[in-house]
Amino acid sequence: MSDVIIDVCNLNKRYMKQTALDNVSFQIRQGMICGLIGPNGAGKTTIMKSLGGLILPTSGQISIYGESTQKGLSKARSRMSFMIETPYAKEKMSARENLEKQRLQKGIPDKHRVDEVLEIVGLSDTGKKYVKNFSLGMRQRLGIANALLGKPEIMVLDEPINGLDPEGIVEIREMLIKLNREQHITIIISSHILSELSLLCTDYIFINHGQILQSLTADGLKQKCREYYRIHTDNDALALAILQEQCHVTKYDIDEDGSIKLYEYLEDLRWISSTLYHNGVIPVELSINKANLEQYYMDMVGEEYNVEYHESIRIPN
């Protein structure tokens, strides 16, 4: 039996002349913590709203737990929960009162569930304190508590750590990892804080201008972001031949400009450069590089998006 629980195929969404999603396809497997990565306006929230049935796609298909009809999707979405944009709560009610109201509206019979989710998100000691007096981190945890009421199998979270201080970010991250590991909840999450997603996610979907740029696992990202020795010479083709013949290198990639990314002999750089020089190849650039998630995304979208990206993505110091 396939472990694919969400299958999005050729999804398009247009508003008049504006294209929000352009032929988007991806799969979510059971147990993932999948990060949607992209700047503001990339299409992340549109994808989440489409999964939740809050907007209808212009074309394409969404399948959730094998259901793709309107009736079937409605049934499948009962196994999901969503926290998209600002979590809603009554300002002049306590966390418990808000959740109790939501429990009744959702038809959840278990009267103890409110206490359970308050304990899970760390709000069990807030008592009668009004939500209007909550910090941003407490409000976010209340939103997650609301999303947990129905014991979802999939949680879709749009920017749950946006605006939080470092302590709040760590608390949310640890909570989500615990929910994923102990309650086996599959999580789809977007965030502008890429350094945080790199500590949380098992998989990534990179999106920009409504198009999926790439999907890969955390292990795949580590492989692509591993440390390497960048070699650019006056004759890169000859340099590679020398390295293969005399240094027996096997772990390398070739960049679009012809330069070599060497993933081995990183502690023998003097020998590598000396070998090239004594064989008539002049090094123009020799440098050690290691990309992180932010740098990898920037390399993917190209220099033209630098300003847009840094305006919309907050990287902590």
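For the structure, check the block above.
This section reports on the structure supplied with the text. Nothing here was measured: the structure is a model prediction, and the numbers come from that model.

### Observations concerning empty space enclosed by the protein
Part 1 of the reasoning: Applying the stated criterion across every chain yields a total of two cavities of 30 Å³ or more.
Part 2 of the reasoning: Taken as a whole, the largest cavity holds about 40 Å³ of empty space.
Part 3 of the reasoning: Across the lining of the largest cavity, the residue classes tally to two nonpolar, two polar and two charged.
Part 4 of the reasoning: Its volume calculated, the second largest cavity comes out at about 30 Å³.
Part 5 of the reasoning: Breaking the lining of the second largest cavity down by element, the ones donating at least two residues are α6 (166-182) and α7 (194-200).
Part 6 of the reasoning: It is α7 that provides the largest number of residues to the lining of the second largest cavity, a total of three residues.
Part 7 of the reasoning: Of the residues in the lining of the second largest cavity, the class split is five nonpolar, no polar and two charged.

### A look at the sheet that holds strand β3 (residues 33-37)
Part 1 of the reasoning: Across the sheet, which stays open at both edges, the six strands sit in the order β5-β6-β7-β3-β8-β9 with mixed pairing between neighbours. Across the chains shown, the open sheet's two edge strands, defined by having one partner strand only, are β5 (80-83) and β9 (211-217). Along the sheet, successive strands turn relative to each other by an average axial angle of 15 degrees, direction set aside.
Part 2 of the reasoning: Taken together, the six bridges between strand β8 (residues 203-208) and β9 define a ladder with antiparallel strand orientation. Bridging across to β9, Phe-206 finds its partner in Gln-214.
Part 3 of the reasoning: The sheet strands contacting α6 are β3, β6 (154-158) and β7 (186-190), and the helix crosses β7 at an angle near 155 degrees.
Part 4 of the reasoning: Packing of helix α11 (residues 293-301) onto the sheet brings it into contact with β3, β8 and β9, and relative to β8 it is tilted by some 40 degrees.

### Some thoughts on the pattern of salt bridges
Part 1 of the reasoning: One pass over the structure, following the stated rule, counts eleven salt bridges.
Part 2 of the reasoning: Two residues, Glu-171 and Arg-141, come together in a salt bridge whose shortest N-O distance is 3.0 Å. Taken together, the positions of Glu-171 in helix α6 and Arg-141 in helix α5 (residues 136-148) put the pair 30 residues apart, joining distant regions of the chain.
Part 3 of the reasoning: Linking Arg-230 and Asp-257 is a salt bridge whose minimum nitrogen-to-oxygen distance equals 2.6 Å. In this pair, Arg-230 sits in strand β10 (residues 228-233) while Asp-257 sits in the loop between β11 (252-254) and β12 (260-262), placing the two residues 27 residues apart along the sequence.
Part 4 of the reasoning: Note on Arg-230: relative accessible area 13%, which makes it buried.

### Some remarks on the side chain of Ser-287
Part 1 of the reasoning: Position of Ser-287 relative to the elements: it lies in strand β13 (residues 283-289).
Part 2 of the reasoning: A distance of 3.4 Å separates the side chain of Ser-287 from the side chain of Glu-285, its partner in a polar contact.
Part 3 of the reasoning: Each residue touching Ser-287, except ones within four places of it in the same chain, is listed here: Tyr-228, Tyr-229 and Arg-230.

### Let's talk about the nonpolar core
Part 1 of the reasoning: If you look at the biggest cluster of nonpolar residues, it comprises 49 residues, and the most contacted ones within it are Ile-144, Met-155, Leu-176, Ile-189 and Tyr-204.
Part 2 of the reasoning: The contact partners of Leu-176, leaving out residues within four places of it in the chain, are Ile-33, Ile-144, Leu-157, Ile-187, Ile-189 and Leu-200.
Part 3 of the reasoning: Counting residues in each nonpolar core, the second largest holds 27 residues, with Phe-26, Leu-36, Ala-42 and Met-48 among its members.

### Here's the deal with the layout of surface pockets
Part 1 of the reasoning: Of the volumes computed, that of the largest pocket is approximately 530 Å³.
Part 2 of the reasoning: If you go around the largest pocket, you meet 28 residues; those closest to its centre are Ser-81, Phe-82, Lys-106, Asn-146 and Ala-147.

### Observations concerning the packing of aromatic side chains
Part 1 of the reasoning: Going through the model one piece at a time under the given rule, you end up with three aromatic pairs.
Part 2 of the reasoning: Ring geometry for Tyr-265 and Trp-271: centres 5.5 Å apart, planes at 75 degrees, overall edge-to-face.
Part 3 of the reasoning: Looking at Tyr-265, the relative accessible area reads 26%, which means it is partly exposed.
Part 4 of the reasoning: For Trp-271, a relative accessible area of 39% puts it in the partly exposed group.

### Overview of the sheet that holds strand β2 (residues 18-29)
Part 1 of the reasoning: On the basis of which strands lie adjacent, the open sheet formed by three strands has the order β2-β1-β4 and antiparallel pairing. Where the open sheet ends on each side, the last strands, each with one partner, are β2 and β4 (59-64). Across the sheet, the mean angle separating the axes of adjacent strands is 15 degrees when strand polarity is ignored.
Part 2 of the reasoning: For strand β1 (residues 4-15) and β2, the ladder comprises eight bridges, and the chain directions are antiparallel. By the bridge assignment for β2, Lys-13 is matched with Leu-21.
Part 3 of the reasoning: Those strands touched by helix α1 (residues 44-51) are β1, β2 and β4, and its axis lies near 65 degrees from that of β2.

### Concerning unusual backbone geometry
Part 1 of the reasoning: Residue His-248 is not a glycine yet carries a positive backbone phi of 55 degrees.
Part 2 of the reasoning: You can see His-248 is positioned in the loop between α9 (236-246) and β11.
Part 3 of the reasoning: The backbone of Tyr-265 shows a phi angle near 60 degrees, a positive value even though the residue is not glycine.
Part 4 of the reasoning: Along the polypeptide, Tyr-265 turns up in the loop between β12 and α10 (269-278).

### Overview of the environment of Gly-72
Part 1 of the reasoning: Of note, Gly-72 is situated in helix α2 (residues 70-77).
Part 2 of the reasoning: For Gly-72, a relative accessible area of 6% translates into the label buried.

Scoring rules and cut-offs
- Residues numbered from 1 in each chain as written.
- Predicted model: local features only at pLDDT ≥ 70, side-chain atom pairs only at ≥ 80, totals over all residues.
- Heavy atoms only, no water.
- 1 Å grid on protein atoms, 1.4 Å probe; cavity = no way out; pocket = protein on both sides within 12 Å on 5 of 7 lines; lining within 4 Å.
- Points joined across faces, edges and corners; volume = space filled by probe spheres on them.
- Nonpolar A, V, L, I, M, F, W, Y, C, P; charged D, E, K, R; others polar.
- Helix = DSSP H or I, 4+ residues; strand = E, 2+ residues; numbered from the N terminus.
- Pairing = 2+ DSSP bridges.
- Axes fitted to C-alpha atoms, helices over the stretch in contact; angles between N-to-C directions.
- Contact = heavy atoms within 4.5 Å.
- Salt bridge = Lys/Arg side-chain N within 4 Å of Asp/Glu carboxyl O.
- Buried < 20%, exposed > 50% of the residue type's maximum accessible area, 1.4 Å probe, protein only.
- Polar contact = N/O pair within 3.5 Å; in protein donor to acceptor, adjacent residues only side chain to side chain.
- Core = buried A, V, L, I, M, F, W, Y, C linked by side-chain atoms within 4.5 Å.
- Phe/Tyr/Trp six-rings, centres within 6.5 Å; stacked < 30°, edge-to-face > 60°.

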